[in-house]
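# Structure assessment
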Amino acid sequence: MDTVACRDRFNKKFKRNKNNLEWFEAMVMAMVAVALVFTFAVRMIRVEGESMVPTLQDGQRLLISSLPYQPQYGDIIVTDAYTSYGEPLVKRVIGKAGDEIDIDFQNGIVYRNGQALDEPYTAEPTYLQESVEFPVTVPEDCLFVMGDNRNHSTDSRDQRVGFIHVNDVLGRVLR
């Protein structure tokens, strides 16, 4: 075998290996990118219970954004398990720092700063009173959260949950 034929064979083998290596490198980079996104930007969680019916169903899988943000009224958030309740919660933001929250349990109406909330997302009016006395003022860096299925929800109306510190928010639901 002459040197030209040997060099041609080597070059073909080298190109094929180089192409395989580039393909493998691209796959590894894609897997690393997906891992980083799901670690730092987006998470997948599962709804446990019926406290968010009719908006979310028990067992439904949700994408949540883990990127830092300022919670807004009406956002559906997921809390960290390190809260005093001891479990992650999926709830809707009703009040932010400085807001006064009051609930008329006779008529099932929630008030924020004296204004009745328009809540078409709730399953029924809020008749269930838990262990918190109203009105309450939301402390600095905290949120007042409630489930959409108000009479079947453990939320900020219950002292076991209480106010949620903004640092305990894992993220907001992207749906």
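Below is a short write-up of the structure.

What counts, and at which threshold
- Residues numbered from 1 in each chain as written.
- Predicted model: local features only at pLDDT ≥ 70, side-chain atom pairs only at ≥ 80, totals over all residues.
- Heavy atoms only, no water.
- Helix = DSSP H or I, 4+ residues; strand = E, 2+ residues; numbered from the N terminus.
- Buried < 20%, exposed > 50% of the residue type's maximum accessible area, 1.4 Å probe, protein only.
- Contact = heavy atoms within 4.5 Å.
- Areas by Shrake-Rupley, 256 points an atom, 1.4 Å probe, with all protein chains shown as cover.
- Pairing = 2+ DSSP bridges.
- Phe/Tyr/Trp six-rings, centres within 6.5 Å; stacked < 30°, edge-to-face > 60°.
- Lys NZ or Arg CZ within 6 Å of the ring centre and 35° of its normal.
- Salt bridge = Lys/Arg side-chain N within 4 Å of Asp/Glu carboxyl O.
- Lys, Arg positive; Asp, Glu negative; His and termini not counted.
- Polar contact = N/O pair within 3.5 Å; in protein donor to acceptor, adjacent residues only side chain to side chain.

Before going further, it helps to spend a moment on the overall build of the chain. In terms of helices and strands, the chain carries one helix and 11 strands. Put simply, the chain runs from its N terminus to its C terminus through helices and strands in the order α-β-β-β-β-β-β-β-β-β-β-β. Considering the chain as a whole, with its 175 residues, one finds that 35% of them fall into the buried category. Within the chain, residue pairs in contact and separated by at least 24 positions form 58% of the contacts whose partners lie at least 6 positions apart. As displayed, the chain offers around 10800 Å² of accessible surface, 53% of which is attributable to carbon and sulfur atoms.

One open sheet accounts for seven strands, arranged β1-β2-β11-β3-β4-β9-β10; its pairing is antiparallel. Every other strand in the sheet has two partners, leaving β1 (42-46) and β10 (164-165) as the edge strands with one partner each. Alignment of β1 against strand β2 (residues 61-65), held across five bridges, turns out to be antiparallel. Looking at the pairing, M44 lines up with L63 of β2.

Here we come to the sheet that holds strand β5 (residues 100-104). The strand order across the open sheet built from four strands is β7-β6-β5-β8, with neighbouring strands paired in antiparallel fashion. Whereas interior strands pair on both sides, the edge strands pair on one side only; in this sheet they are β7 (115-116) and β8 (136-137).

The subject of this paragraph is the packing of aromatic side chains. For the structure shown, the criterion picks out three aromatic pairs. A cation over an aromatic ring shows up here: R172 above the ring of Y69, its NZ or CZ 5.5 Å from the ring centre.

Burial of strand β4 (residues 90-96) is extensive: six of the seven residues sit out of reach of the surface. Here strand β3 (residues 76-79) runs beside β4; their pairing, made up of three bridges, is antiparallel. When the bridges of β4 are listed, I77 appears paired with K91. Alignment of β4 against strand β9 (residues 142-146), held across four bridges, turns out to be antiparallel. Residue pairing in the sheet places K96 in a bridge with L143 of β9.

For the structure shown, the criterion picks out five salt bridges. When the shortest N-O distance is used, the salt bridge between R150 and E119 registers 2.7 Å. In this pair, R150 is assigned in the loop between β9 and β10 and E119 in the loop between β7 and β8, connecting sequence segments 31 residues apart. Both residues of the pair, R150 and E119, belong to the buried class.

When you line up the elements, K91 lands in strand β4. For the buried K91, which has no salt bridge, the nearest side chain bearing the opposite charge is D155, at an N-O separation of 5.3 Å. A distance of 3.1 Å separates a polar atom in the side chain of K91 from a polar atom in the side chain of S153.

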